[in-house]
Amino acid sequence: EEDGAVPAAAKGSWAPFLKSIASFNGDLASLTAPPFILSSTSLTEYSGYWAEHPEIFVAPAQEKDPQKRALLVLKWFLTTLKQQYSSRNEKLGSEKKPLNPFLGELFLGKWKDPTGKIGETQLISEQVSHHPPVTAYAILNEKHGVKLEGYNGQKASFSRGTISVRQVGHAKYHLKEFDEDYLITLPSLHIEGIVYGAPYVELNKSSTIISSTGYVAQIDYSGKGWITGKKNTFCATLKKEGSKDILYTIDGQWSDGFVIKEGKTKKELETYNAKTTEITPLYIAPIEEQDPLESRRAWAKVQESINTGDLETTGTEKSKIENEQRELRKKEKEEGREWERRYFTRVMDDPVFTRLAESCEIVAEEGKTDGIWVFDEKKFAQVVEKARTGGEAKAEVVNTAA
Ligand code: HCR
């Protein structure tokens, strides 16, 4: 077997790793990967990829025409893909195995806006389940009344040299002014380049965005050996529900750029360059000001030891967190209660999801995500109030965001 990208010192660990994934049971968190493929970033941080271009995230809120609004939501979704699926590759040289978040882990931050035009965009990401791993998130921009919320877990399988990952869960994008909702399904992916020790993500199949105003976007993904032969390729269409007429098409490579065209005339309306569009960095509070459950504070020692290549400390510090978690679960079991999620609540039925999912035959797989998770405005208001007063919260008297 070729293993060109595996660092010389790690060559001995790659073949056993390949063997272990061949008998893989579907739980990505249980994969013991060689140290050079471990990233020091927790999966709770990945929720931030949804809004690294805050100006594109809020753009639909400023569009009065519902059809153009639906197009802007599709455009925003497509602009998130590069960060979601290829940023580790670009920054770290390959896809890496993220830290498996503990139950209750938080990743909180803000995209600030010195111009005042976009307003502040806030990120709340929380690990709502550990077995199976599920992350829930809400991204709020109060100025424009935009709210994204969602949750997701992964179901993985191994075959013919690649790990295939199906995402379970979905996202919902809400525009307050128009009382409009968009249900977003998450693409399937597979990890290529494993045998060479240089894993990277390719998307496959398709995903959908369906709006409460009756617009449906379908995005079809393909990779190298497919239609155009180029990696990270997609073609998307926007239609009115039940109609065959294509209103807009968007074609391109999500890691490179794309072209938006009018459906009938094929007239080019806009080109987007993913390579030159800069991202806005997320502001995260300094570690000493963070809550003990916040990701970078809780994992600080593990992260430091991964970055310095100190395997022993990585092991002992990881075990400390795992043991603490085990103790907490034991205590909860004894007391007959479950961990209280800080920002999200498990529901039996989410009416927004049910209404939009119906027409596209999308199903919530609550069994695979330990429930259907929604952002709990009341809990959020309590946290905001507590931070403001530095004491006990009075949920009834505060306004909720977005
Ligand atoms: C599959 C994956 C963990 C999950 C990551 C998700 C699906 C998380 C939600 C984000 O919104 C989007 C996203 C992007 C990532 O591409 C995806 C990760 C890719 C690899 C990682 C595996 C757990 C790593 C397996 C180990 C490999 C490197 C051998």
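Model, not experiment: these values are computed from the prediction. (Residues numbered from 1 in each chain as written. Predicted model: local features only at pLDDT ≥ 70, side-chain atom pairs only at ≥ 80, totals over all residues. Heavy atoms only, no water.)

Is there a simple way to explain the overall build of the protein in this structure?
Tallying secondary structure elements over the protein gives eight helices and 18 strands in all. For the protein, whose C-alpha radius of gyration is 21 Å, the value lies close to the compact-globule estimate of 21 Å for 402 residues. C-alpha atoms of the protein, sized along the principal axes, occupy 60 × 60 × 40 Å. By residue count, 50% of the 402 residues in the protein fall in the buried class. Within the protein, residue pairs in contact and separated by at least 24 positions form 57% of the contacts whose partners lie at least 6 positions apart. (Helix = DSSP H or I, 4+ residues; strand = E, 2+ residues; numbered from the N terminus. Rg over C-alpha atoms; globule rule 2.2 N^0.38 Å. Buried < 20%, exposed > 50% of the residue type's maximum accessible area, 1.4 Å probe, protein only. Contact = heavy atoms within 4.5 Å.)

What exactly am I supposed to notice about the side chain of histidine 53 here?
Tracing the sequence through the fold places histidine 53 in the loop between strand S1 (38–42) and helix H2 (54–58). For histidine 53, a relative accessible area of 7% puts it in the buried group.

What is the right way to look at helix H3 (residues 66–92) in this model?
Think of an α-helix as 3.6 residues a turn; residues three or four steps apart then line up on the same face. In this model H3 runs 40 Å from its N-terminal to its C-terminal C-alpha over 27 residues, within 8% of the 39 Å that 1.5 Å per residue would give. Along H3, 19 of the 27 residues are buried, which leaves the element largely enclosed by surrounding structure. With a side-chain oxygen positioned 2.9 Å from the backbone nitrogen of glutamine 67, the residue opening H3 is aspartate 65. Once H3 finishes, glycine 93 follows within two positions and takes phi at roughly 90 degrees, a positive value. (Expected span 1.5 Å × (residues − 1). Polar contact = N/O pair within 3.5 Å; in protein donor to acceptor, adjacent residues only side chain to side chain.)

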